[in-house]
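Breakdown of the fold
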Amino acid sequence: MLTLIKLLKMPKSLWWHLILAAIIGVIGHLCVIGISVVGGIGIVKIINHQTINIWMILIVMIILGIIRAIAKYGEQELNHYVAFRLLASIRHDVYAKLRQDDLGYLQKQQKAKLLSVISNDVELLEVFFAHTISPVIIALTISIIMLSIMYMLNPMYMLILLITFIMLAIIVPIIFYQIGKKNSDVNRELCSDMSNWWYQIINGWQSLVNNDNVDYLYQPMVDTTNQLIKSDEKNLVITNLLKAMTSIGISLCLAISVIYALHNHLKIDGLIIATSLIVSCFGPINSLTLLGNGLNNPLASAKRIISIMDYQPQVRGGNHQLEAINNIKINDLTFGFDTPLYQNLNIEINQPGIYIISGVNGTGKSTLFKLLLHYYQINNQQIMINDVDLNEINLDSLHQHISIMEQTPFFFNASVKDNMLMVKPQASEEEIKQALQQAHVLEAVMNQSLGLNTIVDDRRFSSGELQRLSLARMFLYDADVWLLDEPTTNLDSLNTGLIIDSLSMYQDQKIIIIISHQPQVKAVGEKLIELG
């Protein structure tokens, strides 16, 4: 219920579009009912041997049909306008929320599942906004109108129709919603799991092939697929049961009305009109009945989206704006997850230079970088930047003055130039070339037929060249502090030497902190920090 309330709050200023769609929809459905009634009146006149103007009846029915078609189009146009406007707004809000959240939270999430929420789950909300809100309003309005007309024909007809409406529009949907709710939650999770398996296969395909283990993820994917098939089959059974219930309900309503009319010797005229009304008025009610299962997946998706939107960042930062970073102090830092990584760690960096962090695996070297970037919350005074508590520094300001080069650099599927411009949009081509030259990778780029317009991938550039492209990007951004996580892993001594040579040019200007085990890298550091 809370999820539904939050969804209903989302349209805001677009509610007028939904109300207008509902009004147009009501007009369209009244035209459908009008066609049945006009036809019923014609049948009554034929039975009573009264004069009938066939052409007039046909013209009226055609006009009502045309109005119905226009109204249907208008209703769908408005509903989908609202839906797609809202989907764009929701997607924008989710992106904005992810940008606001602490990066530690994002790192804990499975990337494929986040992508599934942003894409598939948001798209499923179209069902709610385009096919739920105005249809509910239309169904309620048509029901009230029809009950009023039936009351004028015969109060008993109204009572029979009212009981049928309550059964098909309220009781049946609620029962089947509860039956299918758990299945829909499971279905959305399974879809995310499937996305996650594919994400892992694509990222790890080379490793699987090299180790002759391409079937490693085969069985988990088969199991997930089989579970998804079972979930979809259950969904289909529920939908078919709802359709059957609707048909049974309408048939019973008609049968009871006919039996009542015959038993009480009511006029055939009223029975024919009542029958025409009953047959034609269940379109909107049928939509409500199917919502008993149709809403489950959108609401399950909405829960996953709202869980992201409602997440409260654990790391907020403060208001202090950095002008530059001149020194870093770590004071008695104790930090860990399940077990402490550090106990009373102390590090002091007061001047530019190259500082090497080393230690065995699991001693928290990469985590220390994340703490300097404030990915995780720490106690006050444990990390100081320019003698200011890290918790008091604005996060955007902090990240503007620190660059990080990951062990495996990431590049967008774009040109060298575009990948460089992502860190400094206003950079000139000369500045880009200068950064590439300083990273000893300009020649490799310009040797490509497209030069700076060459797409960055591992087919066009070697591992060493990709590392140096990442380094060039860091040079172009020109932050005060550079953090490099194993920048020379898996590189030969030549590429390692080129990267060391590039970094050495800046050792008097920047605070350069490198995680490395390699003696060749350790040799250039003016201070070695051993962890563990």
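The preceding data block contains the structure.
Below, the structure is looked at part by part. Just so you know, these numbers come straight off a predicted model, no measurement behind them.

Spatial strand order, β6-β7-β8-β3-β9: five strands in an open sheet with parallel pairing. Edge strands, defined here as strands with exactly one partner in the open sheet, are β6 (402-405) and β9 (527-531). Looking at each pair of strands side by side, their axes are set apart by 20° on average, direction ignored. Sheet topology note: the strand β7 (residues 481-485)/strand β8 (residues 511-515) ladder contains five bridges and is parallel. Bridged to Val481 within β8 is Ile511.

With that settled, the discussion passes to the pairing of strand β1 (residues 328-336). Examined bridge by bridge, β1 and strand β2 (residues 340-349) share six bridges and lie antiparallel to one another. For Ile330, the partnering residue across the bridge sits in β2 and is Ile347.

We now examine the packing of aromatic side chains. This model, assessed by the stated rule, comprises nine aromatic pairs. Look at Phe335 and Tyr376: their rings are 5.9 Å apart centre to centre, the planes differ by 25°, and that puts the pair in the stacked class. Highlighted residues: Phe335 in strand β1 and Tyr376 in the loop between α11 (365-372) and β4 (383-385), separated in sequence by 41 residues. Here Phe335 matches Tyr376 in class, with each residue buried. Every member of this aromatic cluster is reached through a ring pair, and the members are Phe335, Phe337 and Tyr376.

The subject of this paragraph is helix α17 (residues 493-504). Along an α-helix, residues three or four positions apart point the same way, because every turn accommodates 3.6 residues. With twelve residues, α17 ought to run about 16 Å at 1.5 Å a step, and its terminal C-alpha atoms sit 16 Å apart, in line with that. Of the residues making up α17, those classed as buried are Asn495, Thr496, Ile499, Ile500, Ser502 and Leu503. Projected down its long axis, α17 shows its buried positions confined to an angular sector of 160°, all on one face. Exposed side chains of α17 directed beyond 90 degrees from the buried face belong to Ser493 and Leu494. Where α17 is buried, its residues touch β3 (353-359), α14 (429-438), α16 (463-477), β7, β8 and α18 (519-522).

This part takes up the sheet that holds β1. Reading across the sheet, the four strands line up as β2-β1-β4-β5 and stay open at both edges, with antiparallel pairing between neighbours. For this open sheet the edge positions go to β2 and β5 (388-389), each flanked by a neighbour on one side alone. Relative to β4, β1 runs antiparallel, the two being bridged by three bridges. Bridge pairing in β4 places Lys329 opposite Met384. Packing of α11 onto the sheet brings it into contact with β1, β2 and β4, and relative to β1 it is tilted by some 120°.

Ranked by internal contacts, the top residues of the largest apolar core, which has 56 residues, are Leu125, Phe129, Leu161 and Phe282. At the level of elements, α2 (15-47), α3 (54-100), α5 (111-131), α6 (133-153), α7 (155-210), α8 (218-263), α9 (268-294) and α10 (296-309) are the ones that each hand at least two residues to this core. Ranked by the residues each element gives to this core, the list is headed by α9, at eleven residues. Ignoring sequence-local partners within four residues, the contact set of Leu125 consists of Leu7, Leu87, Ile90, Pro298, Ala302 and Ile305. Counting 37 residues, the second-largest nonpolar core is a separate cluster that includes Leu436, Ala444, Leu471 and Ala479.

Considering all chains together, one arrives at one cavity of 30 Å³ or more under this definition. Volume-wise, the largest cavity comes out at about 60 Å³. Every element with two or more residues in the lining of the largest cavity is listed here: β1, β2 and α11. Residues belonging to the lining of the largest cavity are distributed by class as follows: nine nonpolar, no polar and no charged.

Here the focus is the pattern of salt bridges. Throughout the structure, instances matching the rule amount to ten salt bridges. In this structure, a network of salt bridges that share partners links the residues Lys417, Glu429 and Lys433.

So, about α10. Along its 14 residues, α10 runs 20 Å from first to last C-alpha, staying within 8% of the 20 Å computed at 1.5 Å per residue. Of all 14 residues in α10, eleven are buried, a share of seventy percent or more. Those residues of α10 lying buried are Asn296, Asn297, Pro298, Leu299, Ala300, Ser301, Ala302, Arg304, Ile305, Ile306 and Ile308.

A word on the layout of surface pockets. In this structure, the second largest pocket encloses a volume near 830 Å³. Taken together, 31 residues make up the lining of the second largest pocket; nearest its centre are Leu4, Val136, Ala169, Ile174 and Leu295. When residues of the lining of the second largest pocket are traced back to their parent elements, those giving at least two are α1 (2-9), α6, α7, α9 and α10. No other element matches α7, which puts ten residues into the lining of the second largest pocket.

Before going further, it helps to examine the pairing of β8. In terms of burial, β8 is largely enclosed, as five of its five residues are buried. Side chains of β8 alternate between two faces, with Ile511, Ile513 and Ile515 and Ile512 and Ile514 buried alike. Bridge count between β3 and β8: five bridges; the pairing is parallel. For Ile357, the partnering residue across the bridge sits in β8 and is Ile515. The β-α-β motif built from β7, the intervening α17 and the parallel element β8 has right-handed crossover chirality.

About the cut-offs
- Residues numbered from 1 in each chain as written.
- Predicted model: local features only at pLDDT ≥ 70, side-chain atom pairs only at ≥ 80, totals over all residues.
- Heavy atoms only, no water.
- Pairing = 2+ DSSP bridges.
- Helix = DSSP H or I, 4+ residues; strand = E, 2+ residues; numbered from the N terminus.
- Axes fitted to C-alpha atoms, helices over the stretch in contact; angles between N-to-C directions.
- Phe/Tyr/Trp six-rings, centres within 6.5 Å; stacked < 30°, edge-to-face > 60°.
- Buried < 20%, exposed > 50% of the residue type's maximum accessible area, 1.4 Å probe, protein only.
- Expected span 1.5 Å × (residues − 1).
- Arc of directions from axis to C-beta.
- Contact = heavy atoms within 4.5 Å.
- Core = buried A, V, L, I, M, F, W, Y, C linked by side-chain atoms within 4.5 Å.
- 1 Å grid on protein atoms, 1.4 Å probe; cavity = no way out; pocket = protein on both sides within 12 Å on 5 of 7 lines; lining within 4 Å.
- Points joined across faces, edges and corners; volume = space filled by probe spheres on them.
- Nonpolar A, V, L, I, M, F, W, Y, C, P; charged D, E, K, R; others polar.
- Salt bridge = Lys/Arg side-chain N within 4 Å of Asp/Glu carboxyl O.
- Right-handed = clockwise from strand over helix to strand, strands pointing away.

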